[in-house]
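Take a look at the letters that make up each chain.
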Amino acid sequence: MANEATVHPRETETTPVPVERVSRSRVADQDLTQLGFGRVFADHMFLAEYEQGRWSSGRILPYGPLPLPPSITGLQYALAVFEGMKAHRAPDGRLVLFRPGDNARRFQRSAARLAMPPVPEALFMNGLRQLLREDREWAPPHGGGALYIRPVQFSSDPSIGVRPAERFLFSIFTSPYAKYYAAPVDVMVSDRYARAFPGGTGDVKPAGNYAGAMLADREAKEQGCQSVLWLDAEERRYVEECGVMNVFAVFRDRILTPPLTGTILPGITRDSVITLLRSMGHVVEESRFAIDDVFAAHDRGDLLEFFGTGTAATVTSVRSIRYRDRTIQLAPVAPDGVGGRVRDRLVGLASGRDPDPYGWVEPA
Ligand code: COI
């Protein structure tokens, strides 16, 4: 039975927007507990437009194609940013959100970095809550996954002029899934490509960050790995991120995660995991560490675990790290290891199972 006190009461009043509903929901065709990530989308989407300096209040319509010309700046010059968030079904059936205001504000920072008009937080939250009301049946049962939420903003200017755009679309759609990774991952260090560089866009979420990572990702997969471990662009020494995740290295005496110096995405899961690890008594430092230090610590027996954190991937353990001609195998992940325990704390909170002393969980 869910504890009512676990979900902090927040303002959930919404300003109704027009809704065009599907004639028949597709939800009964799915087993929501078995879905891989990102392939099935719920019935509806939210859509708002920005024109002449103003955002519309938006509307909800059936999820589906948007009629847009190929000249839009969103396609031509990658003026596009997105967010990743999740709604969970609590034990009593309610839908809960995890730190949604943090996503709304990071979305604004991403937009501002690409000279795009930020989506007001009230518009973001209003659209999100109303969309979730329409598609709540798409959230997997408690403990069986989550309803992933994808807010996206891009320029719909039909212009190939290279200048900041004037017309934008903001959409939110959702996608149920069970697990991002089925098992701990093998990762390959890329010293050929860089994900982010000082002064670039590594600390926000433009679509282009992910486009630039695709080739390295493919090369990692060709080498039998599921993900890329990124190093800093300048010296190619310091560990930065892992695929779609922030990283944590558990050394015998402390846990390190790279600091937010401009090339690292300020993950909301990262921030939550730092807080939770400290509350569990661990020493966590936001401090640079080199890939050579990781290998040396492994050789001394001082590298206990290595894991990634992210909205979609939650907390995912790394099983092996390949760097140049060497691969280190990490010890099999014990359920009572650091990663496993912090994952359980995080999921327990975010899914409304456990009391939330942080004010992170909100009714959808
Ligand atoms: C998320 O974890 O939500 C992300 O944004 C990564 C995504 C590209 C799967």
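In this text the structure is predicted, and so the values were computed from the model without any measurement.

Criteria and cut-off values
Residues numbered from 1 in each chain as written. Predicted model: local features only at pLDDT ≥ 70, side-chain atom pairs only at ≥ 80, totals over all residues. Heavy atoms only, no water. Patch = residues over 30% accessible without salt bridge, like charges linked within 9 Å, V, L, I, M, F, W, Y side chains within 5 Å. Areas by Shrake-Rupley, 256 points an atom, 1.4 Å probe, with all protein chains shown as cover. Salt bridge = Lys/Arg side-chain N within 4 Å of Asp/Glu carboxyl O. Helix = DSSP H or I, 4+ residues; strand = E, 2+ residues; numbered from the N terminus. Domains from an automatic or database assignment. Contact = heavy atoms within 4.5 Å. Buried area = accessible area lost by both parts, 1.4 Å probe. Polar contact = N/O pair within 3.5 Å; in protein donor to acceptor, adjacent residues only side chain to side chain. Nonpolar A, V, L, I, M, F, W, Y, C, P; charged D, E, K, R; others polar. Buried < 20%, exposed > 50% of the residue type's maximum accessible area, 1.4 Å probe, protein only. Near = heavy atom within 4 Å. Core = buried A, V, L, I, M, F, W, Y, C linked by side-chain atoms within 4.5 Å.

Peer 1: Would you explain a nonpolar patch on the surface in this entry?
Peer 2: Judged by side-chain polarity, Tyr77, Ile160 and Val162 come together as a nonpolar surface patch covering roughly 330 Å² of accessible area. As for its placement among the helices and strands, Ile160 is situated in the loop between strand S7 (146–155) and strand S8 (168–177).

Peer 1: What is the right way to read the domain arrangement of the protein from this model?
Peer 2: Bring the parts together and some accessible area is lost; that lost area is often taken as the interface size. As assigned here, the protein comprises domain 1 (27–181 + 353–363) and domain 2 (185–332). For domain 1 and domain 2, the distance between their C-alpha centroids amounts to 26 Å. Between domain 1 and domain 2, the residue contacts involve 23 residues of the former and 27 residues of the latter. Here domain 1 and domain 2 share an interface that buries about 2000 Å² over both sides, 65% of which is from carbon and sulfur atoms. Three residues, Phe82, Arg106 and Tyr181, lead the burial of domain 1 against domain 2; their summed loss comes to 34% of the area buried on that side. Counting across the interface, domain 1 meets domain 2 through one salt bridge. The shortest N-O distance in the salt bridge between Arg99 and Asp271 comes to 2.9 Å. Scanning the region where domain 1 abuts domain 2 turns up twelve residue pairs in polar contact (both at pLDDT 80 or more). Per-element tally for the side of domain 1 that touches domain 2: the top contributor is helix H2 (residues 100–113), with six residues. Across the side of domain 1 that touches domain 2, the residue classes break down as 13 nonpolar, three polar and seven charged.

Peer 1: Teacher, can you tell me more about unusual backbone geometry here?
Peer 2: For residues besides glycine, phi is generally negative; the peptide bonds are generally trans as well. At Ala78, a residue that is not glycine, the phi angle is positive and equals roughly 60 degrees. The residue Ala115 is not glycine, and still its phi comes out positive at about 55 degrees. Residue position: Ala115 is located in the loop between H2 and helix H3 (121–134). Taking the relative accessible area as the measure of exposure, Ala115 reaches 43% and is therefore partly exposed.

Peer 1: Which parts of the structure should I look at to understand the site of the ligand?
Peer 2: Surrounding the ligand, one finds Phe37, Phe82, Gly84, Tyr148, Arg150, Tyr180, Lys205, Tyr210, Val244, Thr311 and Ala312. Residue Lys205 places a side-chain N or O atom 2.6 Å away from an oxygen atom belonging to the ligand. If the ligand stood free it would expose 280 Å²; the protein chains cover 91% of that surface.

Peer 1: Hey, could you run me through the nonpolar core in this one?
Peer 2: Inside soluble globular proteins, nonpolar side chains tend to come together where they are buried. Core analysis: the largest hydrophobic core is formed by 38 residues, its most contacted members being Phe124, Leu128, Leu132 and Phe170. For this core, the secondary-structure elements that each account for two or more residues are strand S1 (44–51), strand S5 (85–89), strand S6 (95–98), H2, H3, S7 and S8. With six residues, H3 is the largest single contributor of residues to this core. Counting residues in each nonpolar core, the second largest holds 26 residues, with Val189, Phe289, Val318 and Tyr323 among its members.

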